[in-house]
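Report on the structure
The lines below spell out each chain.
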Amino acid sequence: MRTMQPLVLILIAQTCCAALIEAQSPNMIGRWNVEIAFADGTKRSLRFDAQNAGKGSFLLVDPRSKVWGPAKPSEAKWTQGDGNSVTFSGAVEFPIGNVGRDAGTLVCKGKFETDGSITGEVEFSPLVGDGPSKSGTFKAIRAAGG
C-alpha cells in the first residue's frame, strides 16, 4: 500500500500539469502577416506587430502605397478574450488609386485556428466624409521569426 501512494500522487500531478498546458491560450505576441478581403472585392495586406501589454503597430504592405513613399507604422492595440478569441485594431491609411488615401480605423475580430493562424471578421470605418464602413474577412499568419 505504501508504494501505491507515491504512484497515485505522481499520476495526479501529471494530470493537473497536462490540464494546465491545454488551458493556456495561444500567444499573440509576434509579427503577423494579415490578408484582408472586403465584401466589395477589395483586398489589402498589412503587417501587425503585437507587443507586450496589448500594444502593437500596423504597417501597410500594399504595393500601391509606394506612390506615397515608404509606408510608416501606425499605433495599434490588441486584446485576447475568452477561449481563442482575439481583437486587434488601429489607424490605417489605404491608398485610393494614386491620388489619395482612405484613412480610418481597422478592427479585426477573430479566433486562433492554430498558434500560428487567426481568422475572422474585419471592419474599416473611415475617419472623414460620409463614406460607409466596409466589412469583410481576414486571415493572419505568424511571420517567420515572429
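Placed above this text is the structure.
Okay, so let's go over this structure. Position numbers for residues start from 1 in each chain and track the written sequence from start to end. Where totals are concerned, whole chains, interfaces and linings use all residues; where local detail is concerned, this predicted model gives features only for residues with pLDDT of at least 70, and gives and counts side-chain atom pairs only at 80 or more. Only hydrogens and water are set aside; all other atoms, that is, all heavy atoms of the structure, feed into the side-chain values.

1. Comments concerning the overall build of the protein chain
Our working rule: Runs of E in the DSSP output that reach at least two residues are strands. Runs of H or I that reach at least four are helices, and both are numbered from the N terminus. We call two residues contacting when some pair of their heavy atoms lies within 4.5 Å. Computed with the Shrake-Rupley method and a 1.4 Å probe, the accessible areas treat only the protein chains shown as cover for residues.
Regarding its fold elements, the protein chain presents one helix and eight strands. Along the protein chain, helices (α) and strands (β) appear in the sequence α-β-β-β-β-β-β-β-β when read from the amino end. Counting contacts in the protein chain only where the partners sit at least 6 residues apart, residues at least 24 apart contribute 41% of the total. Carbon and sulfur atoms form 57% of the exposed surface of the protein chain, whose accessible area is close to 9,300 Å².

2. A closer look at the environment of Ala50
Checked against the element boundaries, Ala50 lands in strand β2 (residues 43-50). Taking the C-alpha atoms as reference points, Ala50 and Met28, 22 residues apart in sequence, are found 6.5 Å from one another. Contact partners of Ala50, with chain neighbours within four places excluded, come to Met28, Ile29, Gly30, Trp32, Lys55, Gly56 and Trp78.

3. Examining the pairing of strand β3 (residues 55-60)
Spelled out, the test is: Only protein chains enter the accessibility calculation, which uses a 1.4 Å probe. A residue is then buried if its area is under 20% of the maximum for its type, exposed if over 50%, and partly exposed in between. Two strands make a pair as long as DSSP finds a minimum of two bridges between them.
With five of six residues buried, β3 is to be regarded as a mostly interior element. Note: β2 against β3, five bridges, orientation antiparallel. Bridging from a neighbouring strand, Ala50 pairs with Gly56 of β3. Joining the antiparallel neighbours β2 and β3 is a turn of four residues, in which Ala53 adopts a positive phi near 60°. Summarising the sheet, β3 and strand β4 (residues 74-80) pair through four bridges and their orientation is antiparallel.

4. Digging into unusual backbone geometry
Phi is positive for Ala53, close to 60°, though the residue is something other than glycine. Along the chain, Ala53 turns up in the loop between β2 and β3.

Everything listed here is a matter of coordinates, which is why it stays silent on function.
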